[in-house]
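# Fold and geometry: a report
The lines below spell out each chain.
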Amino acid sequence: MEQKNIFLIGFMGAGKSTVALQLRQELHMELREMDQMIVEQQGMSINEIFERFGEEHFRGLETELIKQLGNSAPAVISCGGGAVMRQENVAYMKDSGRIVLLTAEPETIYQRVKNGKDRPILNGNMNVEFIRQLMDKRRGRYQEVADITVVTDGRSVEDICREIRQRIAE
Ligand code: S3P
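Remember, predicted model here, so these are calculated numbers, not experimental data.

## What about the overall build of the chain?
Of the regular secondary structure elements, the chain holds eight helices and five strands. Mapped from its N terminus to its C terminus, the chain presents α and β elements in the order β-α-β-α-α-α-β-α-β-α-α-β-α. Expressed as a percentage of its 170 residues, the buried residues of the chain come to 44%. Look at the contacts in the chain between residues 6 or more apart in sequence, and 73% of them connect residues 24 or more apart. As presented, the chain carries roughly 8600 Å² of accessible surface, and 45% of it is formed by carbon and sulfur atoms.

What follows is the structure, given as structure tokens:
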């Protein structure tokens, strides 16, 4: 099978990073963690980028990175939760790979992210209601751009990866 990028997308806490780690091992592919690459390239945390330069600037950094990734060796790419909100980004992703959407209920997301401090959008908004509202705003977009959608609630990472691999091979 021709190897293409696999872009894992979905809400914060949907399991993109965890699934990406496992999937790269199973598929023997490179792993790219978008947030981590931006932190390394900029030499500051995501919180600091948002505080000093604002969200739009961060979104621009995401776009630059996605362009770079499209021209690199095929990889499993764990995308930031907002990366597909820009159409330009989605176009680059579609050109170089497949988009796999991971979903989870707001309650599941909350349990996974509640102790984190490194997501500026959730800092000060760490509750199920906020998560539900933002998820409602983004759901249509996630669904419209995804090639494959996989539910993660109550499932092991191995089980999720099995489904992703099967559906990619179909
Ligand atoms: C964001 C998600 C985060 C990170 C930034 C903004 C979002 O990534 O890119 O805090 O807008 O959903 P994760 O989805 O990996 O937490």
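## Here we look at the pattern of salt bridges
Tallying each qualifying case throughout the model produces 16 salt bridges. Residue Arg141 pairs with Glu144 through a salt bridge whose shortest N-O separation is 2.6 Å. Taken together, the positions of Arg141 and Glu144, both in helix 7 (residues 128-145) and three residues apart, correspond to about one turn of that helix. The closest approach of N and O atoms between Glu163 and Arg155, which form a salt bridge, is 2.7 Å. Arg155 sits in the partly exposed class, given a relative accessible area of 26%. Connected through salt bridges with shared partners, the residues Arg155, Asp159, Arg162, Glu163 and Arg167 form a single ionic network.

## A few points about the side chain of Ser96
Looking at where Ser96 falls in the secondary structure, it is placed in helix 5 (residues 87-96). With a relative accessible area of 14%, Ser96 lands in the buried category. For Ser96, the side chain forms a polar contact with the side chain of Asn5, separated by 3.1 Å. In this structure Ser96 touches Lys4, Asn5, Phe7 and Gly70, once residues within four positions along its chain are discounted.

## Structural notes on the side chain of Asn89
Mapped onto the elements of the fold, Asn89 is located in helix 5. With residues near it in sequence (within four places) discarded, Asn89 still touches Glu62, Thr63, Ile66 and Ala83.

## Some remarks on the nonpolar core
Core analysis: the biggest nonpolar cluster contains 51 residues, and Leu8 and Ile164 have the highest contact counts within it. Beyond its immediate stretch of four places on either side in the chain, Leu8 contacts Lys16, Val19, Ala20, Leu23, Val76, Ile77, Ser78, Cys79, Val100 and Ile164.

## Concerning the environment of Arg119
In this structure, Arg119 sits in the loop between helix 6 (106-113) and helix 7. Taking the C-alpha atoms as reference points, Arg119 and Ser96, separated by 23 residues in sequence, lie 27 Å from one another.

## Observations regarding the environment of Leu122
With respect to the secondary-structure elements, Leu122 resides in the loop between helix 6 and helix 7. Residues Leu122 and Met12, spaced 110 residues apart in sequence, show a C-alpha to C-alpha distance of 9.2 Å. In this view, Leu122 contacts Met12, Val113, Phe130 and Ile131; residues no more than four positions away in its chain are not counted.

## Points about the sheet that holds strand 4 (residues 97-103)
Pairing in this open sheet of five strands is parallel, and the strands run 2-3-1-4-5 from one edge to the other. Among the strands making up the open sheet, the edge pair consists of strand 2 (30-33) and strand 5 (148-151). Shown here is a sheet whose adjacent strand axes are inclined to one another by a mean of 20°, direction ignored. Most of the contacts of helix 2 (residues 34-42) go to strand 2, to which it runs at about 70°, and overall it touches strand 2 and strand 3 (75-78).

## Here's the deal with the packing of helix 6 against helix 7
In a packed pair of helices, the relevant descriptors are the angle between the two axes and the axis-to-axis distance. Relative orientation of the contacting elements helix 6 and helix 7 amounts to 120°, with a least axis distance of 9 Å. When the axes of helix 6 and helix 7 are compared, the pair comes out oblique. Crossing of helix 6 against helix 7: the hand is right-handed. Contacts between helix 6 and helix 7 involve Pro106, Glu107, Ile109, Tyr110 and Val113 from the first element and Val128, Ile131, Arg132 and Met135 from the second. Residues belonging to the contact of helix 6 with helix 7 are distributed by class as follows: seven nonpolar, no polar and two charged.

About the criteria used
- Residues numbered from 1 in each chain as written.
- Predicted model: local features only at pLDDT ≥ 70, side-chain atom pairs only at ≥ 80, totals over all residues.
- Heavy atoms only, no water.
- Helix = DSSP H or I, 4+ residues; strand = E, 2+ residues; numbered from the N terminus.
- Buried < 20%, exposed > 50% of the residue type's maximum accessible area, 1.4 Å probe, protein only.
- Contact = heavy atoms within 4.5 Å.
- Areas by Shrake-Rupley, 256 points an atom, 1.4 Å probe, with all protein chains shown as cover.
- Salt bridge = Lys/Arg side-chain N within 4 Å of Asp/Glu carboxyl O.
- Polar contact = N/O pair within 3.5 Å; in protein donor to acceptor, adjacent residues only side chain to side chain.
- Core = buried A, V, L, I, M, F, W, Y, C linked by side-chain atoms within 4.5 Å.
- Pairing = 2+ DSSP bridges.
- Axes fitted to C-alpha atoms, helices over the stretch in contact; angles between N-to-C directions.
- Parallel < 35°, antiparallel > 145°, perpendicular 65-115°, else oblique.
- Left-handed = near helix turned anticlockwise from the far one by under 90°.
- Nonpolar A, V, L, I, M, F, W, Y, C, P; charged D, E, K, R; others polar.

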